[in-house]
Amino acid sequence: MGVFRSHCQSGKSVLANFVSESIEGIGSYSPTQGVRILEYEKPNLNGNSKGAGCRFELWDCSGDQKFETCWPALMKDSHGVIIIFNPELPSHLKEIEMWYSCFVQQQPLLDSQCLLVAHHKPGSAGDTENLSLAYPLNKLKLIHSNLEDDPEDVRMEFMKYFKSIITFINESREREEMSIIS
């Protein structure tokens, strides 16, 4: 369903583990080689106790550009992209435009299917007020994550994003079914 995309050591694996409630690799850094797929099931994501839960696949993609030839395959049939960056590193701020171009603009994805995450690592300054992004990034949904200070706020923002993706998928499916009927 969703692709986590970012630079090396930006915190995307930590966030992917957190969101999917996985305990894999906690406490140690190990660079992702190519892609790591986390399966995650969330019951009652739509807020009602009836009906099936939602199953997600979170694809934690390596930040290493040596895997660039794999990117088109990683994007095939994805429903959303989460671009994670460290806002304290100027190189990350420059490169997120490239990630956006490759993983959103060159794919059949809408801006609403993209989430930018400024991930603040433990002990960082975490300035969330003065981050300004250039066009076209400034029109995307941006959240700040700090798992030390506000883990439940971060989880809630991800759940809102997942709900929006589910709504988009359901609406697309309904439009497709209606076009077949008529």
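Scroll up to find the structure.
Thresholds applied
For every chain, the first residue of the written sequence is number 1, and numbering continues from 1 onward in sequence order. Residues qualify for local features only when their pLDDT is at least 70, as the model is predicted, and side-chain atom pairs are given and counted only at 80 or more; totals for whole chains, interfaces and linings, by contrast, use all residues. Only heavy atoms go into the side-chain values, all of them from the structure, while hydrogens and water stay out. Nonpolar core, defined: a set of buried Ala, Val, Leu, Ile, Met, Phe, Trp, Tyr and Cys residues in which side-chain atoms within 4.5 Å join the residues together. Exposure classes here rest on a 1.4 Å probe applied to the protein chains alone. A residue is buried below 20% of its type maximum, exposed above 50%, and partly exposed in between. A run of H or I in DSSP becomes a helix once it reaches four residues, and a run of E becomes a strand once it reaches two; helices and strands are each numbered from the N terminus. Contact between two residues is taken to exist if any of their heavy atoms lie within 4.5 Å; hydrogens are not considered. To estimate the expected span of a helix, count its residues, drop one, and scale the result by 1.5 Å.

Below, the discussion takes up the nonpolar core. Among the nonpolar cores identified, the biggest contains 22 residues, and Val19, Ile82, Leu115, Val117, Phe158 and Phe162 are the most heavily contacted of them. Looking at this core, the elements that each hand over two or more residues are helix H1 (12-20), strand S2 (35-42), strand S3 (54-61), strand S4 (80-85), strand S5 (114-119) and helix H4 (151-181). With eight residues, H4 is the single largest residue contributor to this core. Excluding residues that lie within four positions of it along the chain, Val19 makes contacts with Tyr40, Leu58, Arg155, Phe158, Met159 and Phe162. Formed by 21 residues, the second largest nonpolar core is a distinct cluster that contains Val81, Tyr100, Leu137 and Leu140.

Taking 1.5 Å per residue as the helical rise, helix H3 (residues 90-105) with its 16 residues ought to reach 22 Å, and the 22 Å between its terminal C-alpha atoms agrees with that figure. Buried within H3 we find His92, Ile96, Trp99, Tyr100, Cys102, Phe103 and Val104.

All right, on to the environment of Leu93 then. Within the secondary structure layout, Leu93 lies in helix H3. Owing to a relative accessible area of 27%, Leu93 belongs among the partly exposed residues under this scheme. When the C-alpha positions of Leu93 and Ala118 are compared, they lie 9.6 Å apart, and in sequence the two are 25 residues distant. The contacts of Leu93, once residues within four sequence positions are left out, are Phe85, Pro87, Leu131 and Leu133.

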